[in-house]
Number of protein chains: 2
Amino acid sequence: MSFREGPRYASGCTGSAVWSQRVSLKAGHSNPALDRRATLRDDLQQIDYLGSWPVSCEKNPLSAHFELHIEQGRRLENEKKTIGVVDSVQGIRWYKVIVRGEQAHAGSTTVADRADAVVATSKFIVFLESFAIETGVYATVGVVEVQNGSSNVVSGSTYFTVDLRHPNEDLLDQVEESVIEEMNQLSTAKNNRVTFAMEKVWHSPAVTFTSKAIQCVAQAGCRVVGPKAVMGPMISYAGHDSALVSSAEVPTAMIFVPSRDGLSHCPDEWTSKEDW
Amino acid sequence: MSFREGPRYASGCTGSAVWSQRVSLKAGHSNPALDRRATLRDDLQQIDYLGSWPVSCEKNPLSAHFELHIEQGRRLENEKKTIGVVDSVQGIRWYKVIVRGEQAHAGSTTVADRADAVVATSKFIVFLESFAIETGVYATVGVVEVQNGSSNVVSGSTYFTVDLRHPNEDLLDQVEESVIEEMNQLSTAKNNRVTFAMEKVWHSPAVTFTSKAIQCVAQAGCRVVGPKAVMGPMISYAGHDSALVSSAEVPTAMIFVPSRDGLSHCPDEWTSKEDW
């Protein structure tokens, strides 16, 4: 079981991010593949998909935007509903962090004297968990890699990811600031012999969709499957193109259908034909 | 720069560990290669090195044991000495740990409700650092791997290594007990939804060599390079076959020669011909 997203590029929803002018065309194009061997632009060119149509909400506007998606959760399934009326998407921010310390011998460098990247990373993760519980944000470190890790070597460098989510963008701004502050404090405590370099790789803003568009979905849902099979309004925990399109002031809403066991982005993902 | 040891097998000094009867022949033979495709016995058979001579300090005894080795540190180099008289080796214990939690969605499982393997691992590492500073042991987590890690997934499992070293075996016993206790506490705090499975993969005991053998090395060193170029008695921070041989009550000592920049087990390892 896995929930992997963005298998080839670090960020997601790049098309809608550029279209809504939250990310420049140049930045979108230079999105590197995870193996660092090509950019998104290289890949688009390779398959002849680069195109000439303007990727712009101004030059190529939409009058409304409705997105059909599997729920990627169990709320519909648990309540035996077949249509979910989505009224909002929580904000999602992805970061990648590189920690640099000093590699040292496990048997001759006293623990107090070390600038151990694994220990610094662990301290940050422990902080993030308690801070997330305190503030109510969703905070996740899902990837941790020790560079040239060896059981008898004090690690000199780690890489890890941070995923922050909440419906309130202001709160996410505050959490981001506190995260940076904590990294600085951890670094200062070791006379800056441990450093954190954090980069934001994706930002899907928290949005509330347009009431008229939400009503359209609710009414159409009730007409097609009956009011008892409709759930909502409900929030989307995952990020979607709709969040970006909506941020360009396009009337937007989303329709969820059940996903078995809440599974998503994995071979076991499944929605029955009747629900689709 | 790296200090990797045991490139093909998890444990080291297997021959001397079996010979000194600290590890059974069967256990030594079943030592798996890191790729899990063969055991040490398979590999010995493959190159026709299995042999029939008894690997036993009783059936195949030694009257004395002297081991020449590079220092794997900078003490000789820093003091411009060319011979180190080693009188002791600190105890080394290697463990591998598998943490199991519950994989969950980063955007819909509240942080307090999670059984996050990365967070549990981090809490253990933070504990180990402060406990090591308190007790004076050398404790290192040099490898951390998140199984099926993904930036937007709460991790369900991690693997990490622990390296403990100290000249006092009793203290190492106590630290080992406290480590297990901390793991149990971290597990209990999450209603056992997070579990730690720890396995000791190598144990090189702390030893003090035989005074007569130490004197032999000191006298011979003084005769060959002169007393000013001899350092000692000094401890070995790394594990060696001599520690195991000595534990079988064989008169043992070691001779260190300088290793440039303290580097060891890497392509830059170097000892000049004059020092060898």
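Report on the accompanying structure. (Residues numbered from 1 in each chain as written. Chains lettered and ligands numbered in written order. Predicted model: local features only at pLDDT ≥ 70, side-chain atom pairs only at ≥ 80, totals over all residues. Heavy atoms only, no water.)

Within chain A, the secondary structure is distributed over eight helices and twelve strands. When the backbone C-alpha atoms are referred to their principal axes, chain A occupies close to 75 × 45 × 35 Å. Counting across all 276 residues of chain A, residues that qualify as buried make up 51%. In chain A, the share of contacts with a sequence separation of at least 24, taken over all contacts with a separation of at least 6, comes to 80%. Carbon and sulfur atoms provide 50% of the accessible area of chain A, an area that totals close to 13600 Å². Charge-centre separation for chain A: the mean point of 26 positive side chains lies 3 Å from the mean point of 33 negative side chains. (Helix = DSSP H or I, 4+ residues; strand = E, 2+ residues; numbered from the N terminus. Buried < 20%, exposed > 50% of the residue type's maximum accessible area, 1.4 Å probe, protein only. Contact = heavy atoms within 4.5 Å. Areas by Shrake-Rupley, 256 points an atom, 1.4 Å probe, with all protein chains shown as cover. Lys, Arg positive; Asp, Glu negative; His and termini not counted. Charge placed at Lys NZ, Arg CZ, Asp CG, Glu CD.)

Residues and elements named next belong to chain B. Relative to the 27 Å expected for 19 residues at 1.5 Å per residue, helix H5 (residues 117-135) spans 27 Å between its end C-alpha atoms, a close match to the ideal helical length. Capping of H5 at its N-terminal end is provided by Asp116; its side-chain oxygen lies 2.8 Å from the backbone amide nitrogen of Val118. Where H5 terminates, the next one or two residues include Gly136, which has phi positive at roughly 85°. (Expected span 1.5 Å × (residues − 1). Polar contact = N/O pair within 3.5 Å; in protein donor to acceptor, adjacent residues only side chain to side chain.)

So, on to the interface of chain A and chain B. Contacts between the two partners involve 48 residues from chain A, matched on the other side by 48 residues from chain B. Of the roughly 4500 Å² buried at the junction of chain A and chain B (both faces included), carbon and sulfur atoms supply 59%. Notably, a salt bridge pairs Glu129 of chain A with Lys123 of chain B, separated by 2.9 Å at the nearest N-O pair. There are ten residue pairs in polar contact (both at pLDDT 80 or more) connecting chain A and chain B. Listing elements by their share of the side of chain A that touches chain B, those giving two or more residues are strand S4 (104-105), helix H5 (117-135), strand S5 (138-140), strand S6 (144-146), strand S7 (153-154) and strand S8 (157-166) of chain A. Here the side of chain A that touches chain B is built from residues that sort into 23 nonpolar, 18 polar and seven charged. (Buried area = accessible area lost by both parts, 1.4 Å probe. Salt bridge = Lys/Arg side-chain N within 4 Å of Asp/Glu carboxyl O. Nonpolar A, V, L, I, M, F, W, Y, C, P; charged D, E, K, R; others polar.)

Turning to unusual backbone geometry, a few remarks are in order. The linkage connecting Gly232 of chain A with the following residue, Pro233 of chain A, adopts the cis geometry, with an omega of 0°. Here Pro233 of chain A is to be found in strand S11 (residues 230-236). One non-glycine residue, Glu249 of chain B, lies in the positive phi region at around 60°. Topologically, Glu249 of chain B is positioned in the loop between helix H8 (241-247) and strand S12 (252-257). The exposure class assigned to Glu249 of chain B is exposed, which follows from its relative accessible area of 75%.

Residues and elements named next belong to chain B. Counting buried residues in S12 gives five out of six residues, a clear majority hidden from the surface. Looking at chain direction, strand S1 (residues 65-70) and S12 are connected through six bridges and run parallel. Bridge pairing links Phe66 to Ala253 in S12. Strand direction decides the pairing type here: strand S2 (residues 83-89) and S12, joined by three bridges, are antiparallel. (Pairing = 2+ DSSP bridges.)

Here we come to the relation of the copies chain A and chain B. Its rotation angle being 180°, the transformation that places chain A on chain B also includes 0.0 Å of axial translation and leaves an RMSD of 0.1 Å. Interpreted geometrically, this transformation is the action of a two-fold axis. The C-alpha atom lying nearest the rotation axis in chain A is that of Ser122 of chain A; the distance is 2.1 Å. A shared binding surface is used by both copies, with 100% of the interface residues of chain A retained as interface residues in chain B. (Least-squares fit on C-alpha atoms with pLDDT ≥ 70 in both.)

Looking now at the pattern of salt bridges. Close approach of charged atoms lets side chains of opposite charge pair. Residue and element names in this part refer to chain B. Within the structure shown, the criterion is met by 22 salt bridges over all chains. Ionic pairing is found between Glu176 and Arg93, a salt bridge with its closest N-O pair at 3.0 Å. Taken together, the residues span a long stretch of sequence, with Glu176 in helix H6 (residues 169-189) and Arg93 in strand S3 (residues 91-100) at a distance of 83 residues. Neither Glu176 nor Arg93 differs from the other in exposure class; each is buried. The salt bridge involving Glu199 is made with Lys96; its shortest N-O contact spans 4.0 Å.

Remember, this is a structural readout, not a statement about activity or role.
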